Number of protein chains: 2
Amino acid sequence: MLISTRGRYALRVLVDMAEHQSAGYVPLKEIAERQEISEKYLESIVKSLVREGVLIGLRGKGGGYRLSKAPDQFVVRDILRLMEGTLAPVACMEQGSAPCPRAVDCRTRPLWQGLDTVIDEYLGRFTIEDLMNKGDAAYDYVI
Amino acid sequence: MLISTRGRYALRVLVDMAEHQSAGYVPLKEIAERQEISEKYLESIVKSLVREGVLIGLRGKGGGYRLSKAPDQFVVRDILRLMEGTLAPVACMEQGSAPCPRAVDCRTRPLWQGLDTVIDEYLGRFTIEDLMNKGDAAYDYVI
DNA sequence: CAAATTCCTATTGACATGTTGGGATATATG
DNA sequence: CATATATCCCAACATGTCAATAGGAATTTG
């Protein structure tokens, strides 16, 4: 599985927030209820998003979370990479992994390189705002 | 990680066999040595390939494995799906998984559907033969 | 029979994933 | 100040998958 629940939930949280951002800070409890995800689990996901500057948290009564930028400033690929660590479809495409000694005449390497690019480019074409506006975005791969 | 070592190794085994198929049955030991993969581990991978009819095994002295069809008859996507079980990038795109009750107005679902298609189409464009002929195949995604 | 080789079953260690629990700390309100 | 509301922080756990290894049974050739 390329993308785990962490990545999936993160996107849903961000879209939810984008759609309810008028209300200022949105408490996690509300999001958890709307999205039907355990609040405790969301906590750990949201913590990462705060650490990376995607969300801003405010403690105490009336507190909650809000987006640090406008929804169209968050590229889906970046959010996912942030949550998953890597979006490489295979271990040998992982950035920072020891370079494979067989790479020079590996028959499959070009295939993986192409796949990696395809995934990266696809996910780089959408922002949180695109996810909000259902029906607008074209999710086909067209060059 | 979308594709594990099982899928990666399987492709390398098949390409290796395609490149040495003139010799009739190729013993696993040779492939393991050439590919620098543990023979014991390859055993479990090759077993699946035999069960699915991709390879034909022959026991005893002079035995080994050979491809059941010509290299251009094996689509990379099919081989990988066979080894990995699924190539779905997210759980909710997995075939046979319980349909998500939130699917109707899920903001992220179309994104995953598009990603699933992109991956499927890309991997559907290559065969084992394409992997053999290095430099020939174009690994870019062009429509 | 002996050597080579596939087949089969089981086990292990390491790691990731999903989830839950118990507080400590900060903020707004009355 | 007291209280309710939230975010923060650390830890634990159950489950499952992945990669690899071990030991031997069955089959074929010479």
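First things first, this report covers the structure right here in the doc. (Residues numbered from 1 in each chain as written. Chains lettered and ligands numbered in written order. Predicted model: local features only at pLDDT ≥ 70, side-chain atom pairs only at ≥ 80, totals over all residues. Heavy atoms only, no water.)

Notes on helix α4 (residues 76-84) of chain A
Step number 1: Listed in full, the buried residues belonging to α4 of chain A are Val 76, Ile 79, Leu 80 and Met 83 of chain A. All buried residues of α4 of chain A fall inside an arc of 95° around its axis, so they share one side.
Step number 2: Against the buried residues of α4 of chain A lie α1 (5-19), α3 (39-51), α5 (109-123) and α6 (128-132) of chain A together with α5 (109-123) of chain B.
Step number 3: Looking one or two places after α4 of chain A, you find Gly 85 of chain A, whose phi comes out positive at around 90°. (Buried < 20%, exposed > 50% of the residue type's maximum accessible area, 1.4 Å probe, protein only. Helix = DSSP H or I, 4+ residues; strand = E, 2+ residues; numbered from the N terminus. Arc of directions from axis to C-beta. Contact = heavy atoms within 4.5 Å.)

Let's talk about the relation of the copies chain B and chain A
Step number 1: Mapping chain B onto chain A calls for a screw motion: a turn of 180° about the axis and a shift of 0.0 Å along it, with 0.1 Å RMSD after fitting. Such a turn and shift between the copies fits a two-fold axis. Minimal C-alpha separation from the rotation axis in chain B is found for Leu 2 of chain B, amounting to 2.2 Å.
Step number 2: Of all interface residues in chain B, 100% are interface residues in chain A too; the two copies therefore contact each other through one and the same surface. (Least-squares fit on C-alpha atoms with pLDDT ≥ 70 in both.)

Concerning the pairing of strand β2 (residues 64-67) of chain A
All names here are of chain A.
Step number 1: In this structure, strand β1 (residues 55-58) lies alongside β2, joined through 4 bridges in antiparallel fashion. The residue of β2 that forms the bridge with Gly 57 is Tyr 65.
Step number 2: Linking β1 back to β2 in an antiparallel pair, the connection comprises 5 residues, with Gly 60 at a positive phi of about 85°. (Pairing = 2+ DSSP bridges.)

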